[in-house]
Number of protein chains: 2
Amino acid sequence: MPADADAPSTRPRPKRRDAALNNDRLIEAAREVFARRGLSATLEDIAAHAGVGVGTIYRNFASKRQIIETLYDAAIDSALADVQTALEIDDPWLAIVTFFEVTAANQARDRGLGECLLGDDAVGPNEHTAWRLVATLTPLFERATKAGVLREGVTTTDVWPIFAMLNSVYGLSDAAPDLWRRYLALLLDGLRATDRPPLPEPALDVDSFTATFSAVD
Amino acid sequence: MPADADAPSTRPRPKRRDAALNNDRLIEAAREVFARRGLSATLEDIAAHAGVGVGTIYRNFASKRQIIETLYDAAIDSALADVQTALEIDDPWLAIVTFFEVTAANQARDRGLGECLLGDDAVGPNEHTAWRLVATLTPLFERATKAGVLREGVTTTDVWPIFAMLNSVYGLSDAAPDLWRRYLALLLDGLRATDRPPLPEPALDVDSFTATFSAVD
DNA sequence: GTCGTACCGGAATCATCAATTCCGATTACC
DNA sequence: GGTAATCGGAATTGATGATTCCGGTACGAC
């Protein structure tokens, strides 16, 4: 529609090759550093990892927050996709197990991802997104409940406290990077339907849930 | 025994009454604030809660660290005592359950306590104390293992990752202060002996354990 | 009551840490 | 070779929180 799509005065000049390279390096470095050390990693860390100066970061991103948004914008969609993948598994219980194992593995591999999903006041899902997450998970859990393989009273809002718990064991020991699988197994055994008594406390209702796990924006 | 118990030159003057009162108030306020907000609570918080100025804190304690030590020195001994209490319960499995419920309840009530037990680089058990904790827990777990009520491969070093996980749910929602009981129940079901497959990862060995959960001093 | 001093409040200081800005030096591209 | 885009990284800014300091305040001896 613009009459002067390539008017000489507004045509953006192509980037210098080294600048473009640095941009790529920075994104990759940010991804690695946030994955290893979480979102509290410093820009200096990231710059050093990319082999550039901090100033270069600001020629590519307006702020630290924007880097995080650039990297993790797709994170929530990707988590939603994990739910869809799990739903394609026929066995309702195996689907639950797979969902937790896949998402936990992702969060173990990328500490920043977990911090984005759990919310941190600064980053994290907003209220609307939190709702969407719950809504997407509901079929997975309802199917398992109907099939009688999920412990009575277990609901979608249990997912976040479980994520939070696992989050605290991901980096515990460098000597045992997969230790989290041990404790996920414990939790999954508790989630499975058994003849044991019901759980002692009700799950969070959806309002408390969104209040707890939403960033303030 | 001292020959000069009240020699005039060295007799400490009695404190002014208001000063003594402030000291009591401060200890109480520190206890409450650390319990509610954890050890990262500020001295200003504590002073305000006690109704005094920050300066007054420094007339009673040399540093924030010293306050923490004063309040939580007995914490580890008290945790050890909880193990003894649990050992007095006849049923080996009930003893395990009781141990976790009592210690978790204490940590839910007092966030500072949990932070002391888990270690934080700055505060927490030193290496020797970590050993002592493991040693004390061993009879409790060995007895349960011998009785066949504890899942195969569960060991004393599992206690700290579990504490760490629970620690992340204690304060989740003000609307549900006892929510942690729900997730402790899940974990305990996983710890109990069943005919299910063994846990996927070995527990931390004692060396990794002490490395992970000791303050650097 | 009043005086001396132990004690007080809380503003000011110090320290740390990390995001962001700035500018002289460098380098890709013509 | 010229020059403007780009760079590195030191300096700046801002926030936060422990610790210090000092002009008052008020306890309690007289």
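Note that this is a predicted model, so its numbers are computed, not measured.

Here we look at the protein's contact with DNA strand C
As a matter of local geometry, DNA strand C sits amid 21 residues, with Lys64 of chain A together with Arg16, Asn22, Gly55 and Thr56 of chain B nearest to it. Considering DNA strand C, the proportion of its atoms within 4 Å of the protein that are sugar or phosphate atoms stands at 66%. Between a phosphate oxygen of DNA strand C and a main-chain N or O atom of Arg17 of chain A, the distance comes to 2.8 Å.

Focus: the side chain of Arg151 of chain A
Structurally, Arg151 of chain A can be placed in the loop between helix H7 (127-146) and helix H8 (159-167). On the basis of relative accessibility, which here comes to 6%, the residue Arg151 of chain A falls in the buried class. Of note is the side chain of Arg151 of chain A, whose polar atom sits 2.8 Å from the backbone oxygen of Pro197 of chain A. For Arg151 of chain A, the side chain forms a polar contact with the side chain of Asp189 of chain B, separated by 2.3 Å.

Some details on the protein's contact with DNA strand D
Lining the immediate surroundings of DNA strand D are 21 residues, of which Arg16, Asn22 and Thr56 of chain A together with Tyr58 and Lys64 of chain B lie closest. The contact atoms of DNA strand D, taken as those within 4 Å of the protein, divide so that sugar and phosphate hold 70%. The side chain of Arg59 of chain A places a nitrogen or oxygen atom 3.2 Å from a phosphate oxygen of DNA strand D. Backbone polar atom of Arg17 of chain B to a phosphate oxygen of DNA strand D: 2.8 Å apart, as the coordinates give it. The set of elements that each furnish at least two residues to the surface near DNA strand D consists of helix H1 (17-37) and helix H3 (54-58) of chain A together with helix H1 (17-37) of chain B.

Regarding empty space enclosed by the protein
All names here are of chain B. With the rule as written, the count across this model stands at three cavities of 30 Å³ or more. In this model, the largest cavity occupies a volume close to 120 Å³. As for the largest cavity, its lining consists of 16 residues, of which Ala79, Asp82, Thr103, Leu117 and Phe163 are closest to the centre. Sorting the residues of the lining of the largest cavity by element identifies helix H4 (64-87), helix H5 (92-109), helix H6 (111-118), helix H7 (127-146) and helix H8 (159-167) as the ones contributing at least two each.

Description of H8 of chain B
Taking burial as the measure, the nine residues of H8 of chain B include nine buried ones, the bulk of the element. Among all positions of H8 of chain B, only Val159, Trp160, Pro161, Ile162, Phe163, Ala164, Met165, Leu166 and Asn167 of chain B are buried.

Brief notes about the nonpolar core
If you look at the biggest cluster of nonpolar residues, it comprises 141 residues, and the most contacted ones within it are Phe34 and Phe100 of chain A together with Phe34 and Phe100 of chain B. Not counting the four nearest positions on each side in its chain, Phe34 of chain B is found in contact with Leu39, Ala41, Ile46, Lys64, Ile67, Ile68, Leu71, Tyr72, Asp110, Arg111 and Gly112 of chain B.

Considerations on the interface of chain A and chain B
In this assembly, 38 residues from chain A lie in contact with 38 residues from chain B. Contact between chain A and chain B buries roughly 3,200 Å² in total, counting both sides, with carbon and sulfur atoms accounting for 65%. There are six salt bridges connecting chain A and chain B. Between Asp189 of chain A and Arg151 of chain B there is a salt bridge, and its shortest N-O distance comes to 2.3 Å. Among the elements of the structure, H8, helix H9 (179-191) and helix H10 (206-212) of chain A are those that each provide at least two residues to the side of chain A that touches chain B.

What to know about the packing of helix H4 (residues 64-87) of chain A against H7 of chain A
All names here are of chain A. Where H4 contacts H7, the two axes come as close as 10 Å, and the packing angle between them is 10 degrees. In terms of axis orientation, H4 runs roughly parallel to H7. Residues Ile76, Asp77, Leu80, Val83, Gln84, Ala86 and Leu87 of H4 touch H7, and the partners they reach there are Thr129, Arg132, Leu133, Thr136, Leu137, Pro139, Leu140 and Arg143. Residues belonging to the contact of H4 with H7 are distributed by class as follows: nine nonpolar, three polar and three charged.

Some thoughts on the packing of H4 of chain B against H5 of chain B
Residues and elements named next belong to chain B. Viewed as axis vectors pointing N to C, H4 and H5 meet at an angle of 150 degrees, and their least axial separation amounts to 9 Å. Relative to H5, the element H4 is oriented roughly antiparallel. Here the hand of the crossing between H4 and H5 comes out right-handed. Every residue of H5 that contacts H4 at Asp82, Val83 and Ala86 is listed here: Ala95, Phe99, Val102, Thr103 and Asn106.

What counts, and at which threshold
Residues numbered from 1 in each chain as written. Chains lettered and ligands numbered in written order. Predicted model: local features only at pLDDT ≥ 70, side-chain atom pairs only at ≥ 80, totals over all residues. Heavy atoms only, no water. Near = heavy atom within 4 Å. Polar contact = N/O pair within 3.5 Å; in protein donor to acceptor, adjacent residues only side chain to side chain. Helix = DSSP H or I, 4+ residues; strand = E, 2+ residues; numbered from the N terminus. Buried < 20%, exposed > 50% of the residue type's maximum accessible area, 1.4 Å probe, protein only. 1 Å grid on protein atoms, 1.4 Å probe; cavity = no way out; pocket = protein on both sides within 12 Å on 5 of 7 lines; lining within 4 Å. Points joined across faces, edges and corners; volume = space filled by probe spheres on them. Core = buried A, V, L, I, M, F, W, Y, C linked by side-chain atoms within 4.5 Å. Contact = heavy atoms within 4.5 Å. Buried area = accessible area lost by both parts, 1.4 Å probe. Salt bridge = Lys/Arg side-chain N within 4 Å of Asp/Glu carboxyl O. Axes fitted to C-alpha atoms, helices over the stretch in contact; angles between N-to-C directions. Parallel < 35°, antiparallel > 145°, perpendicular 65-115°, else oblique. Nonpolar A, V, L, I, M, F, W, Y, C, P; charged D, E, K, R; others polar. Left-handed = near helix turned anticlockwise from the far one by under 90°.

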